[in-house]
Amino acid sequence: MRLVTTLLVLTNLPDQAAAEALAGELVETRLAACVNILAPCRSVYRWQGVTEMADEVPLLIKTSHERYAALEAAIRQHHPYELPEIIALPIVHGLPAYLDWVAAETRPSD
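Note that the structure is a prediction, hence the values are computed from the model and not measured.

The rules behind the values
Residues numbered from 1 in each chain as written. Predicted model: local features only at pLDDT ≥ 70, side-chain atom pairs only at ≥ 80, totals over all residues. Heavy atoms only, no water. Helix = DSSP H or I, 4+ residues; strand = E, 2+ residues; numbered from the N terminus. Rg over C-alpha atoms; globule rule 2.2 N^0.38 Å. Buried < 20%, exposed > 50% of the residue type's maximum accessible area, 1.4 Å probe, protein only. Polar contact = N/O pair within 3.5 Å; in protein donor to acceptor, adjacent residues only side chain to side chain. Contact = heavy atoms within 4.5 Å. Salt bridge = Lys/Arg side-chain N within 4 Å of Asp/Glu carboxyl O. 1 Å grid on protein atoms, 1.4 Å probe; cavity = no way out; pocket = protein on both sides within 12 Å on 5 of 7 lines; lining within 4 Å. Points joined across faces, edges and corners; volume = space filled by probe spheres on them. Nonpolar A, V, L, I, M, F, W, Y, C, P; charged D, E, K, R; others polar.

S.K.: Talk me through the overall build of the protein chain; I want residue IDs and the actual numbers.
M.R.: In terms of helices and strands, the protein chain carries three helices and five strands. Overall, the protein chain shows an N-to-C arrangement of helices and strands of β-α-β-β-β-α-β-α. Taking 110 residues into account, the globule formula puts the C-alpha radius of gyration at 13 Å, and the protein chain, at 15 Å, falls close to it. Overall, the C-alpha framework of the protein chain stretches about 45 × 30 × 25 Å when taken along its three principal axes.

S.K.: Tell me about the side chain of asparagine 12, and please be specific about residues and values.
M.R.: Along the polypeptide, asparagine 12 turns up in strand S1 (residues 6–13). For asparagine 12, a relative accessible area of 10% gives the class buried. There is a polar contact of 2.5 Å between the side chain of asparagine 12 and the side chain of glutamate 85. Contacts of asparagine 12, omitting those with residues within four sequence positions, involve Glu56, Val57, Pro58, His79, Tyr81 and Glu85.

S.K.: So what's going on with the pattern of salt bridges? Which residues, and what values?
M.R.: Between side chains of opposite charge, pairing is possible as soon as their charged atoms come close. Summed over the entire model, instances satisfying the criterion amount to one salt bridge. For arginine 42, the salt bridge goes to aspartate 55, with nearest N and O atoms at 3.3 Å. Highlighted residues: arginine 42 in strand S3 (residues 41–47) and aspartate 55 in strand S4 (residues 50–64), separated in sequence by 13 residues.

S.K.: Could you give an account of the layout of surface pockets, with specific residues and numbers?
M.R.: Volume-wise, the largest pocket comes out at about 300 Å³. The wall of the largest pocket is formed by Asn12, Ser43, Tyr45, Arg46, Trp47, Glu52, Glu56, Tyr81, Glu82, Leu83, Pro84 and Glu85. Taken together, the elements giving at least two residues each to the lining of the largest pocket come down to S3 and S4. Sorting elements by how many residues they give to the lining of the largest pocket places S3 first, with four residues. Within the lining of the largest pocket, the residues separate by chemical class into five nonpolar, two polar and five charged.

Here it is, written out as structure tokens:
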């Protein structure tokens, strides 16, 4: 059995340009092996006591457990929202070669 070392991180951005910019930054800095930019969706949520609706662009970010803290910091630094959604889910099962690739791509370069 493999130790859980790969994470799927979810966040939403306000538009395509912001999503592409963040995805590029995360991959270029090796904080993510891959980022999927999904189709825009409609989010409904309560913020400061008011029900809000907004169009957002979801990101699916694949990273290693070891890089999560730096990834979270980078998302917070580059995210336009005051309180961005950042949720990390452990990847319990997956194609071993793919999970190895994620680990290799998120190793810091020396």
